[in-house]
Amino acid sequence: MATDIKDTTHAVEAAAVMKLLPTRPRLLALGEPTHGEDALLVLRNDLFRQLVEQEGYRTIAIESDCLLGLVVDDHVTSGRGTLDDVMEHGFSHGFGASAANRELVRWMRAYNDGRPASDRLRFAGPLEMTGAASPRRALTALHGYLAAQVDPDLLPCTMETLDGLLGTDDRWTNPATMMDPTQSVGQSAEARDLRLLADDLVALLEAETPHLITATSRADWDRARLYGRTATGLLRYHHWMAETSPARMTRLVGLRAQMMADNLLAIAERGPALLFAHNGHLQRHKSTMQLGDLRLEWWSAGGLMSAHLGAGYAFLATALGTIRHQGVDTPPPDTIEGLMYALPDNQYVVDAPRLATAIADQRPTPRVAPWFGYSPLDPAHVAGLDGIVFVKDVRQSQHYP
């Protein structure tokens, strides 16, 4: 049986990954089972370079705030800002402190230098927010773009009207709202007016598409669409933050997944992209969470993207053997990770459906991680993966919090 498992493994290379798939996906998702390990990001960087050079990929999207990601995209495409500033202001979740992320940005900028716009690499962050952000930035940016290009009489409101309805940002970002919906402004009269105005602004953006692309550029129009998705998504999210029904939390986690998927589907429209995020965001099966006595179930961004794109979406889940500096030691031999750990190589990509067939009679048990920050593979879902990237031993990074 060990020989059968070995036969399902290949080097972690773009060519080997593509051989596992029926067609070149528009979104190739590479998951990680934990955050904060630069070794996994170095592997990601190497795979992205190969996808760029061998398979024509031109975009990478990582699990970070979508509006902050524009800072990184501006830098890698046009050289705007210094690398230090970009790493400080272009990432959420503290990801700007990663040496591997810094190297990714540096390499993308160097690759783009002197290339025509149509051949430049692009960077994106598909997440809407780290917390429940104010819709101000997205809404005012959308209004500003339209105000500069269309007849003022077509605008549903002035910037001053938006500013008055938005009020101070701390009204929207109050952390107590997550546990106490009565503190949310999401169902106030001002928020209801803003939802209608945001909808009208997005409708105007779509109605004026031919003029706007000609007058500005497709890239500027795409960015305005991102502002529109973000504004309407945040206002919808805040509306449900103020809800007191039992479905409140299920609705909120589902909305966040939907906003992430909408951004990624827009990214896929401009060509094949590599997506890097936590396995839990990318899985096809339904997500679950136990929150006290409340069990939440919702479709992750991966499930939504798979439904929309079919074979155009592929998912490689990463699994790990050890993270000893976090107390994750050698996996038990009767787990998926344990079976792969017994193989000699330190990292490889596995044909997941073939692996599931090879180990079917062994009925591996789920691994129980001693550290909450690591999510092991569920044996029940292995056959539904396109591949598994396995890293045997993850050593502590010296440059990442």
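- The protein chain has the name Erythromycin esterase family protein in an unreviewed UniProt entry, where Streptomyces cupreus is given as its organism.

**Observations concerning the overall build of the protein chain**
Move 1: Across its full length, the protein chain carries 16 helices and 10 strands.
Move 2: C-alpha extents for the protein chain along the principal axes are approximately 70 × 55 × 40 Å.
Move 3: In the protein chain, which comprises 401 residues, the proportion classed as buried is 53%.
Move 4: If you take every contact in the protein chain between residues at least 6 apart in sequence, the share linking residues at least 24 apart comes to 76%.
Move 5: Total accessible area on the protein chain stands at roughly 17,400 Å², and carbon and sulfur atoms take up 52% of it.

**Quick word on the side chain of Glu 63**
Move 1: Among the secondary structure elements, Glu 63 is positioned in the loop between β3 (59–62) and α4 (69–78).
Move 2: We note that Glu 63 is buried and unpaired, the nearest opposite charge coming from Arg 256 at a distance of 7.8 Å.
Move 3: A polar atom in the side chain of Glu 63 sits 2.8 Å from the backbone nitrogen of His 278.
Move 4: Not counting chain neighbours up to four residues away, the residues in contact with Glu 63 comprise His 35, His 93, Phe 95, Pro 126, Leu 127, Phe 276, Ala 277, His 278 and His 281.

**Brief notes about helix α7 (residues 136–147)**
Residues that lie three or four places apart on an α-helix share one face, since the helix turns once every 3.6 residues.
Move 1: Its 12 residues place the ends of α7 16 Å apart at the C-alpha level, agreeing with the 16 Å of an ideal helix rising 1.5 Å per residue.
Move 2: Buried within α7 we find Ala 138, Leu 139, Leu 142, His 143, Tyr 145 and Leu 146. Projection of α7 onto a plane perpendicular to its axis shows the buried side chains occupying an angular sector of 160°, all on one side.
Move 3: Tucked inside the fold, the buried residues of α7 contact α8 (159–166), α9 (189–207), α10 (209–215) and α11 (218–241).

**Comments concerning a nonpolar patch on the surface**
Move 1: Where nonpolar side chains cluster on the molecular surface, the patch consists of Met 289, Leu 291 and Leu 294 and spans about 220 Å² of accessible area.
Move 2: Along the chain, the position of Met 289 falls in strand β6 (residues 287–291).
Move 3: Residue Met 289 is classed as partly exposed on the basis of its relative accessible area of 35%.

**Some points on the sheet that holds strand β10 (residues 387–393)**
Move 1: Across the sheet, 8 strands lie side by side as β1-β9-β10-β8-β2-β5-β3-β4; this open sheet has mixed pairing. Edge positions in the sheet fall to β1 (9–10) and β4 (122–124), since each of these pairs with one other strand and no more.
Move 2: Note: strand β2 (residues 27–32) against strand β8 (residues 313–322), 4 bridges, orientation parallel. Within β8, the position partnered with Ala 29 by the bridge is Phe 315.

**Quick look at the packing of helix α3 (residues 38–55) against helix α6 (residues 99–112)**
Move 1: The interhelical angle for the contact between α3 and α6, taken along N-to-C directions, is 20°, at an axis separation of 8 Å. Overall, the two elements α3 and α6 adopt an arrangement that is roughly parallel. Considering how the two elements wind past one another, α3 and α6 form a crossing that is right-handed. When α3 is examined against α6, the residues Asp 38, Leu 41, Val 42, Arg 44, Asn 45, Phe 48, Arg 49, Val 52 and Glu 53 are found in contact with a partner set consisting of Ala 99, Ala 100, Asn 101, Glu 103, Leu 104, Trp 107, Met 108 and Tyr 111.
Move 2: For the contact of α3 with α6, a count of residues per class yields 10 nonpolar, 2 polar and 5 charged.

**Let's talk about the pattern of salt bridges**
Move 1: Under the defined criterion, the tally for this structure stands at 19 salt bridges.
Move 2: The partner of Asp 84 in a salt bridge is Arg 102, and the shortest N-O contact between them spans 2.5 Å. With Asp 84 in helix α5 (residues 83–89) and Arg 102 in helix α6, the pair connects residues that are 18 residues apart, well separated along the chain.
Move 3: With relative accessibility at 33%, the residue Arg 102 sits in the partly exposed group.
Move 4: Of the charged contacts, one joins Arg 225 and Glu 206 as a salt bridge, the two residues approaching to 3.7 Å between their closest N and O atoms. With Arg 225 in helix α11 and Glu 206 in helix α9, this pair connects stretches of sequence that are 19 residues apart.
Move 5: When its relative accessible area of 39% is taken as the criterion, Glu 206 is described as partly exposed.

What counts, and where the lines are drawn
Within any chain, residue numbers begin from 1 and follow the written order of that chain's sequence. Only residues with pLDDT of 70 or above have their local features reported here, since the model is predicted, and side-chain atom pairs are shown and tallied only from 80 upward, although totals for entire chains, interfaces and linings are computed over all residues. Where side-chain values are given, they derive from all heavy atoms of the structure, hydrogens and water being excluded. Secondary structure elements are defined from DSSP: runs of H or I of at least 4 residues count as helices, runs of E of at least 2 residues count as strands, and each element is numbered from the N terminus. Three labels apply to residues, based on accessible area from a 1.4 Å probe with only protein chains included: buried if under 20% of the type maximum, exposed if over 50%, partly exposed otherwise in between. Contacts are assigned to residue pairs that have any heavy atoms within 4.5 Å of one another. Only the protein chains shown count as covering a residue, and every accessible area follows the Shrake-Rupley method with a 1.4 Å probe. For this count, His and the chain ends are skipped, Lys and Arg are scored as positive, and Asp and Glu as negative. Salt bridges, as used here, are contacts in which a Lys or Arg side-chain nitrogen is within 4 Å of a carboxyl oxygen on Asp or Glu. As used in this structure description, the phrase polar contact means that two N or O atoms lie within 3.5 Å; if the pair is within protein, one of them must be able to donate a hydrogen and the other to accept it, and residues adjacent in sequence are counted only when both atoms belong to side chains. For a helix, the expected span equals 1.5 Å multiplied by the number of residues minus one. Arc definition: it is the arc formed by the directions from the helix axis to the C-beta atoms. Patch membership needs two things, relative accessible area over 30% and no salt bridge, and members are linked within 9 Å if like-charged or within 5 Å if nonpolar (Val, Leu, Ile, Met, Phe, Trp, Tyr). A pair of strands is treated as paired once DSSP finds two or more bridges between them. Note on geometry: axes are C-alpha line fits, over the in-contact stretch for helices, and angles between N-to-C directions span 0 to 180 degrees. Each angle receives one of four descriptions, namely roughly parallel if under 35 degrees, roughly antiparallel if over 145, roughly perpendicular if within 65 to 115, and oblique otherwise. Put simply, a crossing is left-handed when the front helix is turned counterclockwise from the back one by less than a right angle, and right-handed when it is turned clockwise. As a working rule, the residues Ala, Val, Leu, Ile, Met, Phe, Trp, Tyr, Cys and Pro are called nonpolar, Asp, Glu, Lys and Arg charged, and the rest polar, with Gly in that last group.

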